Amino acid sequence: MTSDGPRGKDETRWLIVGADGQIGSALMNALSQRGAAVLGTTRRPASGEARLIFLDLAEPELVLEPSTIDVAVFCAGMTGFAACEADPVLSHRINVDGAVQVMDALAAAGVHVIYLSSNAVFDGSVAFVNVNAAPMPVSLYGRQKAQVEAHLTTRHPVSASILRLTKVVGPNAPFIRTWTLALEQGQPIMAFENRLVCPVTEDAVVTAIRVIGQRRSAGLWQLSGEAEISFAAFARQWFSGRPAALAAIQATQAPEVSSRRHGSMQTHLPQAP
Ligand SMILES: NC(=O)c1ccc[n+]([C@@H]2O[C@H](COP(=O)([O-])OP(=O)(O)OC[C@H]3O[C@@H](n4cnc5c(N)ncnc54)[C@H](OP(=O)(O)O)[C@@H]3O)[C@@H](O)[C@H]2O)c1
């Protein structure tokens, strides 16, 4: 499916912007395991790892020789809805101004950019929303995502890809870590019955990014889970086969949700050749 070299080695040279996050760290691991040349950015200067470069999007200065990079995957940002609302100025500086500045510089240097966006660019009124539907964000985070999408679509139509994702699940997903911690501490696993999730796995995300990056497939793409389920139902799936965990699940109601919002999209990815 991907264009690996003759010995199955990934010959693309990657930069992961935001290498410490859930998706960034999964990508760093997966690409390194395939023997790819991969660099990452961090805002933890003490990390000391040679393949990690310091970058803070609040004051972006990327010290890098772009001719050593083929594809940059942009995973960094303030990703919490509540954190963005709590500090609109800082979240705009990081998620919009800083992101655009770094991606513009990379694109100008001939690097293909993959920007990770979200189903939050839609208002959740339609299930499995089509890639061509007009963005209609209702959160600040969603508006910031939509703003960057519009910039890339206009300014870099042939050197940028946008990949919208639904909720990405894996052991490092923050809500799953919260559940696991609760379990370890003998606490109930609280999971909403009235909030929908459309989970897609980290493995599927990594595969889609590899395909888009290796083919330099510019444009707008979507990767969604196949089914919308409540967080409580997902908790029962995630912990299936673990009776103690299943017994600890407590289905609750999110008080602020009056009607069920959808979190799914129609998957739209480059076709296999
Ligand atoms: N995970 C999902 O379910 C999901 C779903 C849809 C879309 N997405 C999108 O996919 C991308 C990656 O998501 P994720 O879940 O991996 O996010 P994440 O775990 O929150 O990671 C975000 C990364 O950005 C870094 N970061 C935060 N502020 C920064 C700043 N000022 N300068 C430089 N780096 C900064 C963080 O660094 P620290 O580690 O130092 O904090 C972290 O490495 C995001 O754009 C997100 O919107 C994710």
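Residues numbered from 1 in each chain as written. Predicted model: local features only at pLDDT ≥ 70, side-chain atom pairs only at ≥ 80, totals over all residues. Heavy atoms only, no water.

Right, let's talk about the site of the ligand for a bit. The environment of the ligand is formed by 25 residues, the closest being R44, L57, T79, Y141 and K145. Here an oxygen atom of the ligand and a side-chain polar atom of R44 are 2.5 Å apart. If the ligand stood free it would expose 900 Å²; the protein chains cover 86% of that surface. Looking at the shell around the ligand, the elements that each hand over two or more residues are α1 (22–33), β5 (112–118) and α4 (140–155). At three residues, β5 tops the list of elements feeding residues into the shell around the ligand. Here the residues of the shell around the ligand are counted per class, giving eleven nonpolar, eight polar and six charged. (Near = heavy atom within 4 Å. Polar contact = N/O pair within 3.5 Å; in protein donor to acceptor, adjacent residues only side chain to side chain. Areas by Shrake-Rupley, 256 points an atom, 1.4 Å probe, with all protein chains shown as cover. Helix = DSSP H or I, 4+ residues; strand = E, 2+ residues; numbered from the N terminus. Nonpolar A, V, L, I, M, F, W, Y, C, P; charged D, E, K, R; others polar.)

Two quantities define a packed helix pair, namely the angle between the helix axes and the distance between the axes. Remark: α1 packs on helix α6 (residues 202–215), axes separated minimally by 10 Å, with the N-to-C direction vectors making an angle of 65°. Here α1 is positioned roughly perpendicular relative to α6, judged by the angle of their axes. Crossing geometry of α1 relative to α6 is assigned as right-handed. Mapping the contact onto sequence places Q22, I23, A26, L27, A30 and L31 in α1 and E202, V205, V206, I209 and R210 in α6. (Axes fitted to C-alpha atoms, helices over the stretch in contact; angles between N-to-C directions. Parallel < 35°, antiparallel > 145°, perpendicular 65-115°, else oblique. Left-handed = near helix turned anticlockwise from the far one by under 90°. Contact = heavy atoms within 4.5 Å.)

Taken together, the seven strands give an open sheet; going across it, the order is β3-β2-β1-β4-β5-β6-β11, and neighbouring strands pair in parallel fashion. Looking along the sheet, the strands with just one partner apiece sit at the ends: β3 (52–54) and β11 (219–223). Neighbour-to-neighbour, the strand axes of this sheet turn through a mean angle of 20°, independent of strand direction. Summarising the sheet, strand β2 (residues 37–42) and β3 pair through three bridges and their orientation is parallel. By the bridge assignment, G40 is partnered in β3 with L52. (Pairing = 2+ DSSP bridges.)

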